[in-house]
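# Commentary on secondary and tertiary structure
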Amino acid sequence: NVLTGSVQFMLDGRKVGKPQPLDRNGQAIWKATHQQIGMHEVTARYIPDQKSKLLPSISVLKEHTVGRD
């Protein structure tokens, strides 16, 4: 079974854009642009479809460092 629903990406505890729908492989992609230099905390919240039997969940926190080009 493939997950359906969407993912709300979070950067430093704040929502980034709108929830991204999962593709047919059950994956969502977020392309970060124009982020401040330094370390950031990234998480993703899974939002199941209304008809789904699955519960909403949140990923583990991932640290991401943005450096200078």
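Residue numbers run consecutively from 1 along every chain, following the written order of its sequence. Residues qualify for local features only when their pLDDT is at least 70, as the model is predicted, and side-chain atom pairs are given and counted only at 80 or more; totals for whole chains, interfaces and linings, by contrast, use all residues. The side-chain quantities take in all heavy atoms of the structure and omit both hydrogens and water.

### What to know about the packing of aromatic side chains
Pairs were defined over the aromatic rings of Phe, Tyr and Trp, the Trp ring being its six-membered one, requiring ring centres within 6.5 Å. Orientation was assigned from the angle between planes: stacked under 30 degrees, edge-to-face over 60, tilted for the rest. In the structure shown here, the tally under the stated rule is one aromatic pair. Summarising the aromatic geometry, the rings of Phe9 and Trp30 are spaced 5.9 Å apart at their centres and angled 25 degrees between planes, so their arrangement reads as stacked. Pair noted here: Phe9 is in strand 1 (residues 5–11) and Trp30 is in the loop between strand 3 (20–21) and strand 4 (38–48), with a separation of 21 residues, a long-range link. Remark: exposure states derive from per-residue accessible area (1.4 Å probe, protein chains only) relative to the maximum for the residue type, with buried under 20%, exposed over 50%, and partly exposed in between. Looking at Phe9, the relative accessible area reads 12%, which means it is buried. Accessibility expressed as a relative area gives 26% for Trp30, which makes it partly exposed. Helical segments are the DSSP runs of H or I of at least four residues, strand segments are the runs of E of at least two, and each set is numbered from the N terminus.

### Considerations on the environment of Ala32
Tracing the backbone shows Ala32 in the loop between strand 3 and strand 4. With relative accessibility at 47%, the residue Ala32 sits in the partly exposed group. Between the alpha carbons of Ala32 and Pro56 there is a distance of 23 Å; along the sequence they are 24 residues apart.

All we've got here are geometric facts, nothing functional implied.
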